[in-house]
Amino acid sequence: MEEDSEKQSIKRESSLEPDSSPSSPKITARWNPSEACRPSVDDAPIFYPTNEDFDDPLGYIDKLRSKAESYGICRIVPPVAWRPPCPLKEKKIWENSKFPTRIQLIDLLQNREPIKKSTKTKKRKRRRISKIGYTRRRRDSGCDTASSSDSEGKFGFQTGPDFTLEEFQKYDEYFKECYFQAEDHPGSRASENKKFKPKVKDIEGEYWRIVEQATDEVEVYYGADLETKKFGSGFPKYTPGYPKSEADQYSECGWNLNNLSRLPGSVLAFESCDISGVIVPWLYVGMCFSTFCWHVEDHHLYSLNYLHTGDPKVWYGIPGNHAASFEDVMKKRLPDLFEEQPDLLHQLVTQLSPRILKEEGVPVYRAVQRSGEFILTFPKAYHSGFNCGFNCAEAVNVAPVDWLVHGQNAVEGYSKQRRKTSLSHDKLLLGAAMEATYCLWELSLSKKKNPVIARWKRVCSEDGLLTKAVKKRVQMEEERLHLLQDGFSLRKMEGDFDIKRERECFLCFYDLHMSASSCKCSPNRFACLTHAKDLCSCESKERFILIRHTLDELWALVRALEGDLDAIDLWASKCRDQYPSQHPRAREYSYLKTTSCLKSRSSSKVQQREQNNLQLVSERLQSDLTTNKEVQLKQDGDQDVNHHGHESERNHVHGITDKSAVTDVKLGEGVKFDEKKISVESQNPHSVSDVGCSELAKKVEGKDQDASTNRLSLSVELLNSGSLVVKKLWCSKQAIYPKGFKSRVKFLSVLDPTKLTNYISEVLDAGLLGPLFRVSVEDNPTENFSNVSAEKCWQMVTQRLKLEIIKKCDQPVSSLTSLQPLESINGLEMFGFLSPHVIKVVEALDPKHQLEEYWNQKAVKLFGAEPPKEGEKDDTEKGGASDPSLDRDTRLLRGLLKKATPEELVMMHGLLCGETRNTELKEELSTLVDKMEKSP
């Protein structure tokens, strides 16, 4: 009843509401510029990345870390051309989608009494105490959710009205017009114009006057922590099945906050759960004075905030190395609040003026974020701020490898505070270590560095950031096990111990991914090693420790990261066993496990392989998959394609020295794949493992087809033409490679060769290496193949297919005729670079023929200017240019073309075919070319 009467009182006081907006409180306070309390603080640094810098978000963050980390925050202004569209501005969202708000009592953010004390004093108007706790992070419904504690008696933000974005913008305009009209202060600019728009410094000065002096009651709304999965993201997302638009280049960009957390190099990529607010961005809709109070990110992660649209957002940051000093000042200045609510800093409900912090010796820096700009916060850097008016921002966390040391300190601190965690730090640490180990292993075999391998290589070695983080954690584990002495038996942890349900210590909530203590008396209750003895009072023989890895294995992991080859091989094989479903490399490990020592095998083992042809082919294919080499089942002198797309002669057969072994596995003639037959037969309820090799071969070959057909029937769908890059390596004589190019083609699945699936072929930017080509399974993107050669990418796919076919076979090698068609696969063709409809679109990107290597060859082919082969006469001697059947002008022009250099041909082709030339010249050239093609 008391609550109902309070609501009625609030309703009576609400007036002067804007049209079509939800109920709002009466705005009684007014701006007085003479009482401004704008704090005097230095500005945080601003960075302006180049287009090249912007291509690698994590690389750029690492680049600016040494310059900006000492400020706690910094502002990043994207290149001018980077302007992603904002789906929130679409009418169906802007005008119709509602979002919840919180009521913020700005004058009580710093100056308020503890709840127990304030209840004894006279109640102030419109003050409602929140009965619901405020949880910083929430898990998705698909993952375990940390239960929130009972928060009655704590100061919090009460739930406000629901708004649409359109309504909220109108309410903010109404609020600011009422608040800053300042009619009671003659001489001010505002008195001359009621619609005076205050500057950022005016709003900042008034904001801190309200917070510090608390003489006026100011109540605003804030749409904070809105889940983008429900309301929608401010960044575009590509929906499979729909035609791609120009905006889709932003859907895959690393600076799109939907992608940032799991970019290669961010250890959050090893978290399988979509943690809302950490991995999945949150949306923030602000109005004038709405506030985000002092806080530090969960697990001391980095955060990146992007302002999509609206008025500026003012930020304040404190360097991470001054976090303890900041906490001491807060407790000193607000002792009663901390006594009543010890976890006050975790609740994001308390402000403290930068002026006070500076007086206490804590450095504070300011950043004013405007629409289209990012704010980056660093690990353990406290930050706060407020909005200058209506705006929409989006934020997410990211964890480069340098974060690991901060994250470890965070979980140790959480354990002492008995605070729940948002993610498993040990899972991320081991996941990053496994990925790095794989890359080191791949590098030791292939001796080739791609961008992914190079990124992980940089954080390894004895002094590497990742190595140090893993070594520190292993030392901690060893010390804790040693303190338990012999009172507990050790047992190996089941691989799925914490997959379905995340395990945590019953006492301090420490994550138990690496080790856990338990007892026979309570099999579903666990403790961390620190609190193992507190779990129960049973005798030591009843208690035990579950460990995921032995100490010997963990120290071997440290040695692997330091570069020890034996340790690298050991952990490469362990990945399959320990992370069968979680690790993105797991399937590759299962195929490659037996190949790490392939080069050191003796000749006697080669002879054994010769006795078993199936084993020979299987191991050969595995070795080739490991080293990214083309499978050699032919004679010497076969051609190979290097990573720039040029052909080079191969002088020997890699890995097989006895040609008799090659003869034994000679494969059948190429045949056409029958898509209909495969798709029908793949629905057979029997598993592939129950099907003989000859049946599998029939499925793959489609033997009922016309045997005279020797090429695969392919249909390449162009998804994105990309953009032209006028640099070396971005074209070859055969094709142009646009940055961002993407196509789709249906082909045999590497997961089940009896079925067809879609593959996505892409051209990415690998910096100095030029284009990086990637082929991935559309329905399972973790199955991907990358190389600096388009041909090699598809060679890797076909090699994997061969391996899958062989693994399913239990018949002699003679039945494996299905492997032959795979050798005829052309990588350029699979990408679509040889398809006429793709060629037309791609060539249109270069109307000025800037990629000379490609256009020179194109002109040579077009005008027939290829040099005569040895032993052959020039075309002119065969009656070509001098053919009397041609008219005089045609003969003369053709003679000129025959004598022209490739550069001259390109110039003439551009002159006659360029887009800027008139139609008449094009028609003349077209007629001329037709005549030349018809002539003998």
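Per chain, the residues get numbers from 1 upward, laid out in the order the sequence is written. Local features in this predicted model are restricted to residues of pLDDT 70 or higher, and side-chain atom pairs are both shown and tallied only at a pLDDT of 80 or more, whereas totals for entire chains, interfaces and linings draw on every residue. In computing side-chain values, all of the structure's heavy atoms are included and hydrogens and water are not.

Looking at this structure, how should I read a negative patch on the surface?
Patch definition: residues above 30% relative accessible area lacking any salt bridge, with like charges linked at up to 9 Å and the nonpolar side chains Val, Leu, Ile, Met, Phe, Trp and Tyr linked at up to 5 Å. Surface accessibility follows the Shrake-Rupley procedure with a 1.4 Å probe radius. Residue values consider only the protein chains on display as shielding. Any Lys or Arg side-chain nitrogen found within 4 Å of a carboxyl oxygen on Asp or Glu counts as a salt bridge. In this charge count, Lys and Arg are treated as positive and Asp and Glu as negative; neither His nor the chain ends contribute. In this description, the location of a charge corresponds to atom NZ of lysine, CZ of arginine, CG of aspartate or CD of glutamate. A surface patch of negative charge is lined by Glu-462, Asp-463, Glu-562, Asp-564 and Asp-566. Tracing the backbone shows Glu-562 in helix 19 (residues 551-562). In this structure Glu-562 comes out as partly exposed when scored by relative accessible area, which is 33%. Runs of H or I in DSSP of at least four residues are treated as helices and runs of E of at least two as strands, each being numbered from the N terminus. The rule is simple: take the accessible area with a 1.4 Å probe, protein chains only, and divide by the maximum for that residue type; under 20% is buried, over 50% is exposed, in between is partly exposed.

Got a minute to help me understand unusual backbone geometry in this structure?
Backbone phi values are negative for most residues with the exception of glycine, while trans is the configuration of most peptide bonds. We note that Ala-214 has phi near 50°; this positive angle belongs to a residue other than glycine. As for its position among the elements, Ala-214 is in the loop between helix 8 (200-213) and strand 9 (219-227). Unlike most non-glycine residues, Arg-418 shows phi in positive territory, near 55°. Inspection of the secondary structure assignment puts Arg-418 in the loop between helix 15 (404-417) and helix 16 (425-446). Under the relative-accessibility criterion, Arg-418 is labelled partly exposed at 45%.

Mind showing me how you'd approach the sheet that holds strand 19 (residues 489-492) here?
As a general point, the strands of a sheet are linked pairwise by backbone hydrogen bonds and lie either parallel or antiparallel. Pairing in this open sheet of four strands is mixed, and the strands run 19-22-20-21 from one edge to the other. What marks the edges here is a single partner per strand, and that holds for strand 19 and strand 21 (522-527). For this sheet the average axis-to-axis angle between neighbouring strands, irrespective of direction, equals 35°. The criterion for strand pairing is that DSSP finds at least two bridges linking the strands in question. As paired strands, strand 20 (residues 515-519) and strand 21 are joined by two bridges and run antiparallel to one another. The residue bridging Cys-519 from the neighbouring strand is Ser-522, located in strand 21. To define axes, lines are fitted to C-alpha atoms, for helices over the stretch in contact only, and angles between the resulting N-to-C directions are given on a 0 to 180 degree scale.

Looking at this model, I keep getting lost on the packing of helix 16 against helix 17 (residues 451-458). Mind explaining?
Running from amino to carboxyl end, helix 16 crosses helix 17 at an angle of 115°, the nearest separation of the two axes being 9 Å. Both helix 16 and helix 17 take part in a crossing whose hand is left-handed. Contacts between helix 16 and helix 17 involve Ala-432, Glu-435, Ala-436, Cys-439, Leu-440, Glu-442 and Leu-443 from the former and Val-452, Ile-453, Trp-456 and Lys-457 from the latter. Residues are grouped as follows: Ala, Val, Leu, Ile, Met, Phe, Trp, Tyr, Cys and Pro are nonpolar; Asp, Glu, Lys and Arg are charged; every other residue, Gly included, is polar. Its residues assigned to classes, the contact of helix 16 with helix 17 comprises eight nonpolar, no polar and three charged. Note on convention: near helix rotated counterclockwise from far helix by under a right angle means a left-handed crossing. Clockwise means right-handed. When checking whether two residues touch, look at their non-hydrogen atoms; a contact exists if any pair is within 4.5 Å.

Just checking my understanding: could you explain the sheet that holds strand 12 (residues 291-295) for this structure?
Spatially, five strands are ordered 1-15-14-17-12 in an open sheet, and the strand pairing comes out mixed. On the outer flanks of this sheet lie strand 1 (42-43) and strand 12, each paired with one strand and no other. When strand 14 (residues 313-317) meets strand 17 (residues 383-387), the two strands line up antiparallel, connected through five bridges. Its bridge partner lying in strand 17, Tyr-316 is registered against Ser-384. In the packing of helix 8 onto the sheet, the strands contacted are strand 12, strand 14, strand 15 (365-369) and strand 17, and the crossing angle to strand 17 comes to about 115°.

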